[in-house]
Each structure stands twice: as C-alpha cells, then as structure tokens.
Amino acid sequence: QTCLQNMVRYVEHRIEEIYQNNADIWTHAGTGRILPDGSKVAARTSENLWMLYLIDHYLPAPRNRYDVVDADSQQPMEERKHKKLEPSKLIPLPDLDEYPLNKRRIFKPGEWCFAIYPGTTAFYRAKVIQIPNKRESEPKYKLQFEEDDGAQRDVKVVHVAPLPELVSGQQD
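Summarised in this report is the structure supplied together with it. (Residues numbered from 1 in each chain as written. Predicted model: local features only at pLDDT ≥ 70, side-chain atom pairs only at ≥ 80, totals over all residues. Heavy atoms only, no water.)

Here's the deal with the overall build of the chain
- Per the secondary structure count, the chain includes one helix and 10 strands.
- Along the chain, from the amino end to the carboxyl end, the secondary structure elements read α-β-β-β-β-β-β-β-β-β-β.
- Relative to its 172 residues, the chain shows a buried fraction of 37%.
- Taking the contacts inside the chain whose residues are at least 6 apart along the sequence as the reference set, 48% of them involve residues at least 24 apart. (Helix = DSSP H or I, 4+ residues; strand = E, 2+ residues; numbered from the N terminus. Buried < 20%, exposed > 50% of the residue type's maximum accessible area, 1.4 Å probe, protein only. Contact = heavy atoms within 4.5 Å.)

Here it is as structure tokens:
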C-alpha cells in the first residue's frame, strides 16, 4: 500500500508539473483536438489583427477550418458575419471552469503576453506587471500594453495568452 501511495503522489506531482509548465491549453493546431462550438478564441482576422471570436462550428476534412463569429456583436449568432479560418489562425481561450487558475501557466512579471485591451475585443502585446490573485473570483493580471504611455490595466486571466509566435502551430 505504501508503494501505491508513493506512486499516486508521484503521478499527482507530475500532473501538477505538467499543468504549470504547459502552455498547451492555448495550442490546438496540429493536435487533432477540435474546439467545441461556443468556445472563445483569439482569431487572426487579417495580417496584424487579432480579435475575440466565438467558434460557431468546425468544418472537417477536406477543409479543416472553423466557422467563427465576432464575439462583440449584439446580433443573434445566425445574423453575424462569419469567417472561415484555419486552426493555425486561432488561439483557444479556455474559461476558468475548464482550466482553473491553478491549472494554468502563470505569466511572470516582466514577461510579454497577448491580451485583450480593456473595453475592446482586440488583442495586443502587453508586459505583465502583476500576477493574478488566486483568491479573487475573477482573477486579473495587471498589464502594461505596448504604445499605451506606460498605463497599467487590469485584464481578466481568460483574456490573456502567450504571444502568437510562442503558441505551437501558429503561422506568420
């Protein structure tokens, strides 16, 4: 029984290590994982523009694309403008129910990340100033966005991801 308890502790420790060192909650391109309908994603909608979108549905082979819709629109889903994008142009943004804070990689102060600029649905590069407080019901990072005159802004954890070039499977 002691051997089994040690094995269980080891497995639990390894799982925690994997979660802490793993940015794969943001990787899906090339993994075979299909993002569920309604999932939030950062979507590369043009050369240098990433916006918050929702997965409407997956279009299987031979297309292997996602039909996505603007998350900001006030219109019903069926009336919104749809885009069809390759998996490599999407970064999943799992909610806290799916991946709680203790199962996410925490970006360190001074580290660059990709986040929604408050009050918009657009993603920009930002530097982490302060990590989220685990005791908050809606944890937030304090970030400093590029070209924002040094202002520090609070951004929900679910709206922060690694820079696109650091997410496996992303295209330039």
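Considerations on the side chain of Thr 121
- By the element assignment, Thr 121 lies in the loop between strand E6 (112-116) and strand E7 (123-130).
- When neighbours within four sequence positions are excluded, Thr 121 is seen to be in contact with Trp 50, Met 51, Leu 52, Asp 72 and Ile 116.

Observations concerning the side chain of Arg 44
- Tracing the chain through its elements places Arg 44 in strand E1 (residues 40-46).
- Despite its burial, Arg 44 pairs with no opposite charge, the nearest such side chain being Glu 47 at 4.4 Å.
- At 2.9 Å, the side chain of Arg 44 and the backbone oxygen of Glu 47 are in polar contact. (Lys, Arg positive; Asp, Glu negative; His and termini not counted. Salt bridge = Lys/Arg side-chain N within 4 Å of Asp/Glu carboxyl O. Polar contact = N/O pair within 3.5 Å; in protein donor to acceptor, adjacent residues only side chain to side chain.)

Some words on the sheet that holds strand E2 (residues 49-59)
- Pairing within the open sheet is antiparallel, and its five strands lie in the order E4-E3-E2-E1-E5. Looking along the sheet, the strands with just one partner apiece sit at the ends: strand E4 (82-85) and strand E5 (90-92). Taken over all neighbouring pairs, the strand axes of this sheet differ in orientation by 40 degrees on average, direction set aside.
- Sheet topology places E2 next to strand E3 (residues 65-70); six bridges connect them, and they run antiparallel. Along E3, the bridge assignment pairs Leu 54 with Val 69. (Pairing = 2+ DSSP bridges. Axes fitted to C-alpha atoms, helices over the stretch in contact; angles between N-to-C directions.)

Focus: a nonpolar patch on the surface
- A surface patch of nonpolar side chains, amounting to about 290 Å² of accessible area, comprises Leu 4, Met 7 and Val 8.
- Position of Val 8 among the secondary structure elements: in helix H1 (residues 2-21).
- On the accessibility criterion, Val 8 (40% relative accessible area) is partly exposed. (Patch = residues over 30% accessible without salt bridge, like charges linked within 9 Å, V, L, I, M, F, W, Y side chains within 5 Å. Areas by Shrake-Rupley, 256 points an atom, 1.4 Å probe, with all protein chains shown as cover.)

Overview of the packing of aromatic side chains
- Taken as a whole and judged by the stated rule, the model has six aromatic pairs.
- On the numbers, 4.9 Å between centres and 55 degrees between planes, the contact of Tyr 58 with Tyr 66 is tilted.
- Looking at Tyr 66, the relative accessible area reads 1%, which means it is buried.
- Ring geometry for Tyr 117 against Phe 145: centres 5.0 Å apart, planes inclined by 65 degrees, an arrangement best described as edge-to-face. Of this pair, Tyr 117 sits in the loop between E6 and E7 while Phe 145 sits in strand E8 (residues 140-145); the two residues are 28 residues apart in sequence, bridging distant segments of the chain.
- Tyr 117 gets classed as partly exposed once you look at its relative accessible area, which sits at 22%.
- A network of ring pairs unites the aromatic residues Trp 50, Phe 114 and Phe 123 as a single cluster. (Phe/Tyr/Trp six-rings, centres within 6.5 Å; stacked < 30°, edge-to-face > 60°.)

Focus on the nonpolar core
- Core analysis: the largest hydrophobic core is formed by 26 residues, its most contacted members being Ile 91, Phe 107, Cys 113, Phe 123, Tyr 141, Leu 143 and Val 160.
- Those elements that place two or more of their residues in this core are E2, E6, E7, E8 and strand E10 (160-161).
- Per-element accounting of this core gives the leading share, four residues, to E6.
- Ala 43, Ile 55, Val 68 and Leu 85 belong to the second largest nonpolar core, which has 11 residues in total. (Core = buried A, V, L, I, M, F, W, Y, C linked by side-chain atoms within 4.5 Å.)

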